[in-house]
Amino acid sequence: MRKAGLQLATFFALTVSALPAFAASCKDASGFPAWLQSFKQEAAQKGHSSQAIAALDGLSYAPDVVAKDRAQNVFSQSFLEFSDRMVAKYRMQKGAQLIKQNAKLFDRIQKDYGVPAAVLVGFWGLETDFGANLGDMPTLRSLATLAYDCRRPQLFHDQLMAALTVIDRGDLTAAQMKGPWAGELGQVQFLATHYRDFAVDYDGDGRRDLIKSTPDVLASAANLLVHEGWQRNQPWLTEVRVPANLDWSQADLQIQHPVSTWKKMGVSVAPGSKLPEADMKASLLLPMGRNGPAFLAYQNYRVYLEWNQSFIYATTAAYYATRLAGAPPVGRGNGAVQLPYKEVVELQKLLAKRGHDVGKADGMIGAGTRAAVKAMQIELGMPADSYPDAALLQRLRAGS
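Only a predicted model underlies this, so the values are computations on that prediction, with no experimental measurement involved.

1. Digging into the pattern of salt bridges
Here the idea is simple: oppositely charged side chains can pair when their charged atoms come close.
Thought 1: Enumeration according to the criterion identifies 17 salt bridges in this entry.
Thought 2: The closest approach of N and O atoms between Lys40 and Asp57, which form a salt bridge, is 2.5 Å. In this pair, Lys40 sits in helix α1 (residues 32-45) while Asp57 sits in the loop between α2 (50-54) and α3 (63-70), placing the two residues 17 residues apart along the sequence.
Thought 3: Judged by its relative accessible area of 14%, Lys40 is buried.
Thought 4: Judged by its relative accessible area of 48%, Asp57 is partly exposed.
Thought 5: Between Asp209 and Arg207 there is a salt bridge, with its nearest N and O atoms 3.6 Å apart.
Thought 6: Using a relative accessible area of 7% as the deciding quantity, one classes Asp209 as buried.
Thought 7: Salt bridges sharing common partners tie together Asp69, Arg70, Asp149, Arg151 and Arg152.

Shown next as structure tokens:
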């Protein structure tokens, strides 16, 4: 789930909470005009200007937005599938070019915020192809529709109210507010609340412009990352090699050991990478289980999960940044295979029947599914690498 920006569309794990009036209907659009009028009255009571509120006039319910909200499945892909597609050659070349072209700007941001250029450019590239693909759907219409819809009304109610603040502040006009269907804004796809709270006027023109101002875009991203816990001069991810006899139950983001301990357990750095000091704590990250790529993930990696709680997206973004910082392409592991989408759904349902909390059976291998898989692997005496495979599915089907 995107907590900080970045394809709000992907992975929300929020509890649905109902607004007082008009928000309960998922299917009937007839109540939207009355709901919108009620929202305008609330906005006026909260001090928003009549000019900003007038930007809501004539908004219509957007069934296409609701349809897209119900059809999310991009992160049912494996890490290698997703990273192969997203960390493409042109993104590597363009990212390197932009780091060089904006060297002085990145040096200033590094000094002010402590966030490296590679990290910022990684998000910039994955979010919008460096500003080339901002989306063209009217943001206010999307936010109003999702605030009226019953699935996550409070979340989008807050986003819509924050968008009015952005207008009132003079950062953007309603006409400039266009983006993807879920209402993110700008070249690094901020939620409206994050635009309101963390956007920075870094070019000094008096506006926080995350659509056209490169300095504002990159400094705002850095500001948000620092808010989420980014630590200056610290690594985020290192590719490693793991021994075949490792205690796989230790490969868990909830478990941390000093780098020196991982070395004693047989974990070694991958060619072309470099490990930090021996006492730095890290988790062993196996995005595709014991037969796939392996990383040591440090505290700054957890900031990626604050930006987007999709495990696959966060790991891909962190990996992309390591590549921009000079790391070689990731090793492919030993032939790790991800279960097809339908079989992941089946496995999630079987785990739920056994009392494991996997959340919605959505075919996406998130934190809940990984935790349930690990518990089941331990119970069945299987290698507990938290990664569902055909052997585990077969055991569950057989009722083992």
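2. Digging into the side chain of Ser220
Thought 1: Checked against the element boundaries, Ser220 lands in helix α11 (residues 214-227).
Thought 2: A residue is classified by how much of its surface remains accessible, and Ser220, at 0% relative accessible area, is buried.
Thought 3: Within the structure, the side chain of Ser220 is placed 2.6 Å from the backbone oxygen of Asp216, a separation counted as a polar contact.
Thought 4: Residues contacting Ser220, with those up to four places away along its chain left out, are Phe190, Phe198, Ala199, Val200 and Leu210.

3. Let's talk about the pairing of strand β3 (residues 237-241)
Thought 1: Within β3, four of the five residues are buried, which leaves it mostly tucked inside the rest of the structure.
Thought 2: Where β3 lies against strand β7 (residues 295-297), three bridges are found, and the strand directions are antiparallel. Residue pairing for β7: Glu239 is matched across the bridge by Phe295.
Thought 3: Two strands pair when backbone bridges link them, and β3 and strand β5 (residues 268-269) are joined in this way by two bridges, in the antiparallel orientation. Each bridged residue has a counterpart across the sheet, and for Arg241 the counterpart in β5 is Ser268.

4. With respect to the nonpolar core
Thought 1: Formed by 99 residues in total, the largest nonpolar core has its most connected members in Tyr301 and Tyr304.
Thought 2: In terms of residues, this core owes the most to one element, helix α14 (residues 311-324), which gives 10 residues.
Thought 3: When neighbours within four sequence positions are excluded, Tyr304 is seen to be in contact with Val119, Phe123, Trp230, Trp236, Ala314, Ala317, Ala318 and Ala321.

5. Notes on the pairing of strand β6 (residues 281-285)
Thought 1: Counting buried residues along β6, four of its five residues qualify, which places the element largely inside the surrounding structure.
Thought 2: As paired elements, strand β4 (residues 257-258) and β6 share two bridges and run antiparallel to each other. By the bridge assignment for β6, His257 is matched with Ala282.

6. Thoughts on α14
Thought 1: With 14 residues, α14 extends 20 Å between its outermost C-alpha atoms, agreeing within 8% with the 20 Å of an ideal straight helix rising 1.5 Å per residue.
Thought 2: With 14 of its 14 residues buried, α14 lies for the most part within the structure.
Thought 3: Gly326, located one to two residues past α14, shows a positive phi value of around 120 degrees.

7. Structural notes on the packing of helix α7 (residues 117-128) against α14
Thought 1: Look at α7 against α14: their axes get within 8 Å of each other, and the N-to-C directions meet at 125 degrees. Of the possible angle classes, the one that applies to α7 and α14 is oblique. The interaxial crossing formed by α7 with α14 has right-handed handedness. Side by side, α7 and α14 meet where Ala118, Val119, Val121, Gly122, Phe123, Gly125, Leu126 and Glu127 of the first sit next to Tyr313, Thr316, Ala317, Tyr320, Ala321 and Leu324 of the second.
Thought 2: Of the residues that constitute the contact of α7 with α14, the class distribution is 10 nonpolar, three polar and one charged.

8. Digging into the environment of Phe79
Thought 1: For Phe79, the location among the structural elements is in helix α4 (residues 79-86).
Thought 2: With a relative accessible area of 0%, Phe79 lands in the buried category.
Thought 3: Phe79 sits 233 residues away from Ile312 along the chain, and the two C-alpha atoms are 5.5 Å apart.
Thought 4: Those residues within four positions of Phe79 in sequence are excluded, and the remaining contacts are Asp84, Pro287, Met288, Pro293, Phe295, Ile312, Thr315, Thr316 and Tyr319.

9. Side note on the packing of helix α15 (residues 341-353) against helix α16 (residues 367-380)
In a packed pair of helices, the relevant descriptors are the angle between the two axes and the axis-to-axis distance.
Thought 1: Interhelical geometry of α15 versus α16 gives an angle of 65 degrees and a closest axis separation of 11 Å. Of the two possible hands of crossing, α15 and α16 adopt the one that is left-handed. Contacts from Leu347, Gln348 and Leu351 of α15 reach α16 at Thr369, Ala372, Val373 and Met376.

Rules used in this analysis
Residues numbered from 1 in each chain as written. Predicted model: local features only at pLDDT ≥ 70, side-chain atom pairs only at ≥ 80, totals over all residues. Heavy atoms only, no water. Salt bridge = Lys/Arg side-chain N within 4 Å of Asp/Glu carboxyl O. Helix = DSSP H or I, 4+ residues; strand = E, 2+ residues; numbered from the N terminus. Buried < 20%, exposed > 50% of the residue type's maximum accessible area, 1.4 Å probe, protein only. Polar contact = N/O pair within 3.5 Å; in protein donor to acceptor, adjacent residues only side chain to side chain. Contact = heavy atoms within 4.5 Å. Pairing = 2+ DSSP bridges. Core = buried A, V, L, I, M, F, W, Y, C linked by side-chain atoms within 4.5 Å. Expected span 1.5 Å × (residues − 1). Axes fitted to C-alpha atoms, helices over the stretch in contact; angles between N-to-C directions. Parallel < 35°, antiparallel > 145°, perpendicular 65-115°, else oblique. Left-handed = near helix turned anticlockwise from the far one by under 90°. Nonpolar A, V, L, I, M, F, W, Y, C, P; charged D, E, K, R; others polar.

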